[in-house]
Amino acid sequence: MSGSGEGRRRTVLDMNGYQWTVLFAAWLGWGFDVFDGLLFNYVAPNCVPTLLGLPIGSPQAAKAALHWNGILSSILLLGWAAGGILFGKVADRIGRTRTLMLTMLLYALGTALCAAAPNLGALIVFRVIASLGIGGEWAAGAAMVAEVVPEKRRVEAGALLYTSAPAGLFLATFANYQIAGVFFKGTPETSWRYVFLCGLIPAAVAFVVRIFVREPERWKDAAKTEPPPRIGELFTPAMRPFTVSGFSMALIALIAWWSCNVFIPLVSTGLARATAQANGFDRAATLALTESWKATATNMFNLGGLIGTLLTIPAAKLLGRRAMFGIYYLLSGAALLFTFGLDLPPEVRLRMYFLIGLTVFGVFGSFTYYLPELFPTRLRGTGAGFCYNAGRIIASVGPFLVGTVAARGPNSLRSALEALFWVGFVPLVGVLLLAVRLPGRAHPLVIETKGRELA
């Protein structure tokens, strides 16, 4: 029975039942990937002070949370990059389905171990373990979906796959709010440990993936006849332009996303505590407002990301990939500069995260189909994994710099807003890259793949 579904009855979007099963399996894998990866952002205001022995809610705790959230997010990105490159190559060697299952088990274990961390050193080790699996899952899932769905539905399937990212963030927001804001609202020193335990959920999904999903026929055919992939092949004269194209667009998106998303809970926490102090709230009311505003900001960001992801479908199919990137990066810069550069009431600033999600988050819906389109089957996992994850090495500098700069200012909230304002210029660099042409070549640096069939 062919994984491509040829000759079988078509269903919604011209995809048969098995193709939808594959898409759903990859959707769960990536959704829980994001869920596990970003749980720390929600618990950092409580987790970091607890492990450092600082009183939660104090100015010292706020500065420490900003500083260490930046460091730990940068470490996560480095591990994510290493895992993505490593498991992208593994996916081309042992198969997409096996790699998907292995990476899900790895990041579930690493996240759950964070619940038992006795100090920051142990927490860092456990986050590194999780980050290797988190980074490796994406390439396997994206390649699997691209190779199984019909050619004419690759854009729709890729964008639908990425809707799992805002769904994962919605779930992380919900889990944190229910645990830290409802069930354990009076014990912030311990509630974060229960939030981390939610990271075990993907382990059960991994076994379901292994039972119902087969290896794509495209990969099995290539594995029989082609030599094993090598990362060095991505930089041969024939493949280098495609690698540069995918890497450059992913790099811009990664720097912007991670520099601003990591600090959403901390910015909303700072806004809530400043408002609570100005209104004379007690500790219980302050904690309640903090958790509520964290949920508001992240939900605005996630909702915008969900809509923005789906909008990449008409943008990519009607305008092409290059024009789509140009529009998203131009609007991303505007959203960041306005949100963090204007003097806005706290509630308005929280809701402005919707526009950041629409653009900065939404553009990621394109990479699940754009990167697989750039590479042939035997290099698809390796190439997509490298482009999407190597950029994280450079992007890891973003959270570190924002956190360090914000923590050194006399007013941590104001310093964070000022640092995030400058992040708004990063997407505008992406707009400039779209106009660059490689020396000695007729095509631009960013390659158009509209209408191209998988090699």
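(A) Representation of the overall build of the protein. On a plain count of helices and strands, the protein comes out with 20 helices and zero strands. In terms of overall size, the protein behaves like a compact globule, its C-alpha atoms giving a radius of gyration of 21 Å where 455 residues would be expected to give roughly 23 Å. For the protein, the spread of C-alpha atoms along the principal axes amounts to about 70 × 45 × 40 Å. Relative to its full complement of 455 residues, the protein shows a buried share of 60%. If you take every contact in the protein between residues at least 6 apart in sequence, the share linking residues at least 24 apart comes to 82%. Entry remark: accessible area of the protein is about 16,600 Å², with carbon and sulfur atoms responsible for 70%. Across the protein, the 38 positively charged side chains and the 23 negatively charged ones have centroids separated by 2 Å.

(B) The pattern of salt bridges, seen in detail. A complete count under the given rule lists nine salt bridges for this structure. For the salt bridge of Glu156 with Arg153, the shortest nitrogen-to-oxygen distance reads 3.2 Å. In this structure, the salt-bridge partner of Arg321 is Glu373, at a minimum N-O distance of 2.6 Å. With Arg321 in helix H13 (residues 321-341) and Glu373 in helix H16 (residues 367-374), this residue pair connects regions lying 52 residues apart in the sequence. Neither Arg321 nor Glu373 differs from the other in exposure class; each is buried. The network of salt bridges with common partners includes Asp92, Arg96, Glu147 and Arg380.

(C) The arrangement of the packing of helix H1 (residues 17-52) against helix H3 (residues 96-114) in detail. At a closest axis distance of 10 Å, the pairing of H1 and H3 adopts a crossing angle of 25 degrees. In this view, H1 runs roughly parallel relative to H3, as classed from their interaxial angle. As for how H1 packs across H3, the hand of that crossing is left-handed. Every residue of H3 that contacts H1 at Ala25, Gly29, Phe32, Asp33, Asp36 and Leu39 is listed here: Leu100, Met104, Tyr107, Ala108 and Thr111. For the contact of H1 with H3, the class distribution of residues is seven nonpolar, two polar and two charged.

(D) Examining the side chain of Thr275 more closely. Secondary-structure assignment places Thr275 in helix H11 (residues 264-278). Once residues lying within four places of it in the same chain are set aside, the contact partners of Thr275 are Leu289, Trp293 and Pro346.

(E) Up close: the packing of H13 against helix H20 (residues 425-433). With their axes 7 Å apart at the nearest point, H13 and H20 run at an angle of 160 degrees to one another. On the basis of their axis angle, the class for H13 and H20 is roughly antiparallel. Handedness of the crossing formed by H13 with H20: left-handed. The residues of H20 that touch H13, namely those facing Gly326, Tyr329, Leu330, Ser332, Gly333, Leu336 and Leu337, are Phe425, Pro427, Leu428, Gly430 and Val431. Grouping the constituent residues of the contact of H13 with H20 by class yields eight nonpolar, four polar and no charged.

(F) Structural detail: the environment of Thr339. Tracing the backbone shows Thr339 in helix H13. With 78 residues separating them in the primary sequence, Thr339 and Leu417 have C-alpha atoms 8.8 Å apart. Ignoring anything within four residues of it in the chain, the contact list for Thr339 reads Leu344, Arg349, Met352 and Ile356. A polar side-chain atom of Thr339 sits 2.7 Å from the main-chain carbonyl oxygen of Ala335.

(G) Spatial organisation of the packing of aromatic side chains. Following the criterion strictly, the structure yields 27 aromatic pairs and no others. Where Phe325 meets Tyr370, the ring centres are 5.3 Å apart and the plane angle is 80 degrees; that geometry is what we call edge-to-face. Placement of Phe325 in helix H13 and of Tyr370 in helix H16 is noted, with a sequence separation of 45 residues between them. Note on accessibility: Phe325 and Tyr370 belong to one class, buried. One cation-aromatic arrangement involves Arg214 over Tyr18; the distance from NZ or CZ to the ring centre is 3.8 Å.

Reading the values: the criteria
Residues numbered from 1 in each chain as written. Predicted model: local features only at pLDDT ≥ 70, side-chain atom pairs only at ≥ 80, totals over all residues. Heavy atoms only, no water. Helix = DSSP H or I, 4+ residues; strand = E, 2+ residues; numbered from the N terminus. Rg over C-alpha atoms; globule rule 2.2 N^0.38 Å. Buried < 20%, exposed > 50% of the residue type's maximum accessible area, 1.4 Å probe, protein only. Contact = heavy atoms within 4.5 Å. Areas by Shrake-Rupley, 256 points an atom, 1.4 Å probe, with all protein chains shown as cover. Lys, Arg positive; Asp, Glu negative; His and termini not counted. Charge placed at Lys NZ, Arg CZ, Asp CG, Glu CD. Salt bridge = Lys/Arg side-chain N within 4 Å of Asp/Glu carboxyl O. Axes fitted to C-alpha atoms, helices over the stretch in contact; angles between N-to-C directions. Parallel < 35°, antiparallel > 145°, perpendicular 65-115°, else oblique. Left-handed = near helix turned anticlockwise from the far one by under 90°. Nonpolar A, V, L, I, M, F, W, Y, C, P; charged D, E, K, R; others polar. Polar contact = N/O pair within 3.5 Å; in protein donor to acceptor, adjacent residues only side chain to side chain. Phe/Tyr/Trp six-rings, centres within 6.5 Å; stacked < 30°, edge-to-face > 60°. Lys NZ or Arg CZ within 6 Å of the ring centre and 35° of its normal.

Everything listed is a geometric property; what it means functionally is a separate question.
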